[in-house]
Structures are given as structure tokens and as C-alpha cells.
Amino acid sequence: MKRIAKKITACFVSAFMLCAGTCAAFISASAANDAIQPRGEYHVYGDVNDDGKINIADAVLVSKAVGNFENLTGDTRLPVSYAVARPAVYFGEGNYIPQAADVNGDGYITSEDATMIQKYIVSLYNEAGRCGQVFYIN
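Residues numbered from 1 in each chain as written. Predicted model: local features only at pLDDT ≥ 70, side-chain atom pairs only at ≥ 80, totals over all residues. Heavy atoms only, no water.

Draft legend 1. View of the packing of helix H2 (residues 56–73) against helix H5 (residues 111–121). Packing of H2 against H5 leaves a shortest axis separation of 8 Å and a crossing angle of 175°. Of the possible angle classes, the one that applies to H2 and H5 is roughly antiparallel. From H2, Ile56, Asp58, Ala59, Val62, Ser63 and Val66 reach across to H5, where they touch Ser111, Asp113, Ala114, Ile117, Gln118 and Ile121. Looking at the contact of H2 with H5 residue by residue, the class counts come to 7 nonpolar, 3 polar and 2 charged. (Axes fitted to C-alpha atoms, helices over the stretch in contact; angles between N-to-C directions. Helix = DSSP H or I, 4+ residues; strand = E, 2+ residues; numbered from the N terminus. Parallel < 35°, antiparallel > 145°, perpendicular 65-115°, else oblique. Contact = heavy atoms within 4.5 Å. Nonpolar A, V, L, I, M, F, W, Y, C, P; charged D, E, K, R; others polar.)

What follows is the structure in C-alpha cells.
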């Protein structure tokens, strides 16, 4: 009986070590593929895709990021720090500025931010939070 227990334990330990090594390699490889956030540059709140214009594409990107985060966690408030650390996970492949998506300044990217970007687009500036304001990434 002790031999069988030892063999079963050895199998579980081996499987765990194999899985841990494979998962660690996957995580480090995918982290290396994420875009590095540009430092020492000026950007504009609301211009998430950094194309120089605040338009509906930016609002769609914010909605997409919130949706992706909600699918992963069930929460509708994406912390800006999460989005900055892994922009490709939430926004997709491309050169995106997650900090520009937090137009209300609460530290989270939410559907409210997408709505504020839309209000900025239709010239409701007093309801658009920080949209259009310049900020600097250290």
C-alpha cells in the first residue's frame, strides 16, 4: 500500500513540475510580446490609439478593453495599472496608450470613460472630463 501511495505522489509531483515549467515559459514569453509603454512623451486624454485625433475609434477601444476585462474577471472597472502592464490583453495588438482612456481620472477604465469620449466628439466639452487635455508619461 505504501508503494502505491509513493508512486501516486511521485506522479502528481512530476506532473505538477512539468505543468509549472510549461506555464512559466508561456507567461514569460507572452509578457515579452506585450508593447512597452512609451515614456517621456506627451499624449492627449481620449486619444487611446495615439493617432492624433479623438474619434469614435477611441471610444470603441475603451469599450472593447472594458469588455475584455469583464470577460476575464467579471468586473466592469479595468484598473489603469492593469491596462498599462498588459495593453495587448485588453486593447489588442497595436500602439495604444491606456492612460489616455481614463478621462474621468478615477484610476479605472470604464464605460463611463467611453461615454465621455463620445460626448467630447459631439462637442459637449463640459461633460467630457479630461478629454483633449495633454498629459505626460514619466
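Once you've had a look at it, read on.
Draft legend 2. Fine view of H2. Between its first and last C-alpha, H2 extends 26 Å over 18 residues, near the 26 Å set by a 1.5 Å rise per residue. All buried positions along H2 are accounted for by Asp58, Ala59, Leu61, Val62, Ala65, Val66 and Phe69. Each buried residue of H2 lies within a common arc of 160° when the element is viewed along its axis, so the set occupies one face. Counted as exposed and oriented over 90 degrees from the buried face of H2: Ile56, Val60 and Asn71. On its buried side, H2 packs onto strand S2 (78–79), helix H3 (80–85), helix H4 (87–91), strand S3 (108–109) and H5. (Expected span 1.5 Å × (residues − 1). Buried < 20%, exposed > 50% of the residue type's maximum accessible area, 1.4 Å probe, protein only. Arc of directions from axis to C-beta.)

Draft legend 3. Spatial organisation of the side chain of Asp58. Position of Asp58 among the secondary structure elements: in helix H2. Comment: no salt bridge for buried Asp58; closest opposite-charge side chain is Lys53, at 8.6 Å. Here Val48 takes part through its backbone nitrogen, which lies 3.0 Å from a polar atom of the side chain of Asp58. When neighbours within four sequence positions are excluded, Asp58 is seen to be in contact with Gly46, Asp47, Val48, Asn49, Lys53 and Ile117. (Lys, Arg positive; Asp, Glu negative; His and termini not counted. Salt bridge = Lys/Arg side-chain N within 4 Å of Asp/Glu carboxyl O. Polar contact = N/O pair within 3.5 Å; in protein donor to acceptor, adjacent residues only side chain to side chain.)

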